[in-house]
Structure formats: C-alpha cells, structure tokens
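# Commentary on secondary and tertiary structure
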Amino acid sequence: MNVVGSLTRHDVCNKLSIITANTYLLKKKHADQIQILEGLGKIEQTVKDAGTILNFAKMYEQLGVEELTYVDTERY
C-alpha cells in the first residue's frame, strides 16, 4: 500500500505542477485583467492546499513504519 500511495501522490503532484505552470502563464498573459487574476489566484491557493493535504497523507502513512532508534542525547 505504501508504494501505491507514493506513486499516486507523485502522479497527483505532477498534475498539480501542470496546473500551477499554466496559471502562472495565464497570469502573465492577462496581467491587466483583475477578475482573471483573482480567479487564477484562487486556483493557485487550491493547488497549494491540495499539496498540503498530500504531504500530510505522506507523513501520516509513514507513522509506525519506521523502526525506532535509541538516541543518547547526553552524548551529543
């Protein structure tokens, strides 16, 4: 399941990158049109929010998977 989750997250992040790139290009092309810029800003924020959710899912999936290691903090 970890591999499937990782691949899925990677694929979704690639799609989000395409959206981000296209919104950037559209913002440059329509820099004088406030309504378009506002709409593109909302799209960009939604993409960032989706990325945050994907990163959280990645961290959550890793809980309990990694082996705990003893660290002697007095040594450092």
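A few points on the structure. (Residues numbered from 1 in each chain as written. Predicted model: local features only at pLDDT ≥ 70, side-chain atom pairs only at ≥ 80, totals over all residues. Heavy atoms only, no water.)

### Here's the deal with the environment of glycine 39
By the secondary structure assignment, glycine 39 is in helix α2 (residues 34-62). Since its relative accessible area comes to 31%, glycine 39 is described here as partly exposed. Separated by twelve residues in sequence, glycine 39 and lysine 27 place their C-alpha atoms 9.7 Å apart. (Helix = DSSP H or I, 4+ residues; strand = E, 2+ residues; numbered from the N terminus. Buried < 20%, exposed > 50% of the residue type's maximum accessible area, 1.4 Å probe, protein only.)

### Comments concerning the side chain of threonine 23
Relative to the assigned elements, threonine 23 resides in helix α1 (residues 2-29). The exposure class of threonine 23 is buried, given its relative accessible area of 4%. Among residues more than four places away in sequence, those in contact with threonine 23 are Leu40, Ile43 and Glu44. (Contact = heavy atoms within 4.5 Å.)

### Observations regarding the environment of glycine 51
Structurally, the position occupied by glycine 51 is in helix α2. Taking relative accessible area as the criterion, glycine 51 reaches 18% and is therefore assigned buried. Considered as a pair, glycine 51 and leucine 16 are 35 residues apart in the sequence and their alpha carbons are 7.9 Å apart.

### Some points on the pattern of salt bridges
Close approach of charged atoms lets side chains of opposite charge pair. Within this structure, the stated rule accounts for two salt bridges. Here arginine 9 makes a salt bridge to glutamate 61, at a shortest N to O gap of 3.5 Å. In this pair, arginine 9 sits in helix α1 while glutamate 61 sits in helix α2, placing the two residues 52 residues apart along the sequence. Overall, the relative accessible area of 13% leaves arginine 9 in the buried class. (Salt bridge = Lys/Arg side-chain N within 4 Å of Asp/Glu carboxyl O.)

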